[in-house]
Amino acid sequence: MMPQPYHESNHPALYYQGMLSDNRRMERYREAIFATVSPGDIVVDLGTGLGVLAMFAVQAGAARVYAVDVRSNVLPITRRLIESNGMSAQIILIEGDATEVELPEPVDLIINELIGDFGTDENIQECVAAISRRYLRPGGKVLPRKLSTHIVGVSYDQEFRGVYSGDFHGMNMAAALLDEFKPAPVMVGLQRTPVELTERATLENIHFENDSQPREYTASTQLNVLKAGELQGFVGYFVCELAAGIQLDNYPCYAGCHWVNWHWPVTPAIPLQQGQCIQGELTMPQRTTAPCWNWQWQLESA
Ligand SMILES: C[S@@+](CC[C@H](N)C(=O)[O-])C[C@H]1O[C@@H](n2cnc3c(N)ncnc32)[C@H](O)[C@@H]1O
């Protein structure tokens, strides 16, 4: 077997460089943390990584931050960073899984960046619910506040799968995708909004400060066809409200965005007519870090 190249560095700190160099992510988190932390707050940071959100919370006036991560090999580096930034008195590092970890006291605020490429595919809901049930003070806050996930049926234009339709540098590549084939989902960040043929449907809509219901692992939805065209695939993405008026999303992926999109390619492409509708169901495995979510759909006539 050919050796597989590393997709990300095997240095425990370099694993985080893509996230840290996503400037929009860092700036919006900083803004949201400064808008949410009150002086003297007790905070927990779930999935602290190199501790950057915990350090923002201290800069914003938190009295103490419990910084939790399950990845044991990064925590010595995080400790060094916290020391070199003079915050060892305020930040207490805890190794553990956020769904099980014990905290020494209740907290005023839960912060995290456990946002997956498809929103909930890094177990954000399970981690926040487990801590919030046991440790969030009445009236306490959660950052991000809200997270929704969406799917839309598209033609890709000249990007991603779109290279197989229309003029391609003076050639026509459509014959490449004529076979009946059911491709696996693909994770690629779109740089531009594709041609949307259906409405954007919502699959999950979580308000972390209010939702205490157990999570559903199947979401059914209907996508009404808005425009005639060739259905080449479905794109999945998230929209996240960090704090009031401060949002992050990955559709399309902005410059420097480290998140990608989920795609379910349709091969061969099928023609859609306005007025038709697509019934779909997304099935999500519980608690996974290597998610493979299953999108099943069928087209219904008008
Ligand atoms: C997307 S990174 C974010 C790191 C850092 N908070 C930041 O914003 O740069 C997610 C981090 O959460 C940690 N993590 C994932 N699942 C976890 C869990 N169930 N409990 C604790 N930490 C977890 C990972 O090890 C990783 O360090």
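Provided above is the structure to which this section pertains.
A quick note: this is a predicted structure, and the numbers were derived from the prediction, not measured.

Engineer: Got a minute to help me understand the site of the ligand in this structure?
Structural biologist: With respect to spatial proximity, 19 residues lie near the ligand, and among them Tyr16, Arg25, Gly47, Asp69 and Ala98 are the closest. Contacts to the ligand include Val70, whose backbone N or O atom sits 3.3 Å from a nitrogen atom. Expressed as a share of its isolated accessible area of 600 Å², the protein-covered part of the ligand is 94%. Secondary structure elements with two or more residues in the shell around the ligand: α1 (17–20) and α3 (52–59). A per-class count over the shell around the ligand returns nine nonpolar, four polar and six charged.

Engineer: Before we go on, may I ask you to explain the sheet that holds strand β4 (residues 107–112) in this structure?
Structural biologist: Two strands in a sheet stick together by hydrogen bonds in their backbones, pointing the same way (parallel) or opposite ways (antiparallel). If you walk across this open sheet you meet the five strands as β3-β2-β1-β4-β5, and the pairing is parallel. Among the strands making up the open sheet, the edge pair consists of β3 (91–95) and β5 (136–143). Each adjacent strand pair in this sheet contributes to an overall mean axis angle of 20°, direction not counted. Bridge analysis of strand β1 (residues 42–46) against strand β2 (residues 64–69) gives five bridges, and the strand direction is parallel. Counted as the bridge partner of Val44 is Tyr66 from β2. Packing of helix α2 (residues 23–36) onto the sheet brings it into contact with β4 and β5, and relative to β5 it is tilted by some 160°.

Engineer: Honestly, unusual backbone geometry in this entry has me stumped. Any pointers?
Structural biologist: Leave glycine aside and you will find that most residues have negative phi; peptide bonds, for their part, are mostly trans. Put simply, Leu143 and Pro144 share a cis peptide bond, and its omega is 5°. By the element assignment, Pro144 lies in the loop between β5 and β6 (146–155). In this chain, Tyr251 is followed by Pro252 through a cis amide linkage whose omega measures -10°. As for its placement among the helices and strands, Pro252 is situated in the loop between β12 (246–249) and β13 (261–272). Positive phi values are uncommon outside glycine, yet Asn123 reaches one of about 65°. Note on placement: Asn123 falls in the loop between β4 and α5 (124–135). With relative accessibility at 7%, the residue Asn123 sits in the buried group.

Engineer: When you look at α5 in this model, what are you seeing that I'm missing?
Structural biologist: Each α-helix winds once per 3.6 residues, and so residues spaced three or four apart point in a common direction. Taking 1.5 Å per residue as the helical rise, α5 with its 12 residues ought to reach 16 Å, and the 16 Å between its terminal C-alpha atoms agrees with that figure. Contacts from the buried residues of α5 go to β1, β4, β5, β6 and β9 (201–207).

Engineer: Is there a simple way to think about the sheet that holds strand β14 (residues 277–283) in this case?
Structural biologist: What the three strands build is an open sheet, ordered β10-β14-β15; its pairing is antiparallel. Because the sheet does not close on itself, it has two edges, and the strands there are β10 (218–224) and β15 (294–300). Adjacent strand axes in the sheet meet at a mean angle of 15°, parallel and antiparallel pairs treated alike. Where β14 lies against β15, seven bridges are found, and the strand directions are antiparallel. Across the sheet, the residue bridging to Thr283 is Asn294, located in β15.

Engineer: Help me understand helix α4 (residues 75–84), please; the structure alone is not making it clear to me.
Structural biologist: Of all the residues in α4, the buried ones are Leu75, Ile77, Thr78 and Ile82. Each buried residue of α4 lies within a common arc of 155° when the element is viewed along its axis, so the set occupies one face. Opposite its buried face, α4 presents the exposed residues Arg80 and Ser84, each directed more than 90 degrees away. For α4, the secondary structure elements touched by its buried residues are α3, β2 and β3. Gly86 sits one or two positions beyond α4 and adopts a positive phi of about 70°.

Cut-offs used in this document
- Residues numbered from 1 in each chain as written.
- Predicted model: local features only at pLDDT ≥ 70, side-chain atom pairs only at ≥ 80, totals over all residues.
- Heavy atoms only, no water.
- Near = heavy atom within 4 Å.
- Polar contact = N/O pair within 3.5 Å; in protein donor to acceptor, adjacent residues only side chain to side chain.
- Areas by Shrake-Rupley, 256 points an atom, 1.4 Å probe, with all protein chains shown as cover.
- Helix = DSSP H or I, 4+ residues; strand = E, 2+ residues; numbered from the N terminus.
- Nonpolar A, V, L, I, M, F, W, Y, C, P; charged D, E, K, R; others polar.
- Pairing = 2+ DSSP bridges.
- Axes fitted to C-alpha atoms, helices over the stretch in contact; angles between N-to-C directions.
- Contact = heavy atoms within 4.5 Å.
- Buried < 20%, exposed > 50% of the residue type's maximum accessible area, 1.4 Å probe, protein only.
- Expected span 1.5 Å × (residues − 1).
- Arc of directions from axis to C-beta.

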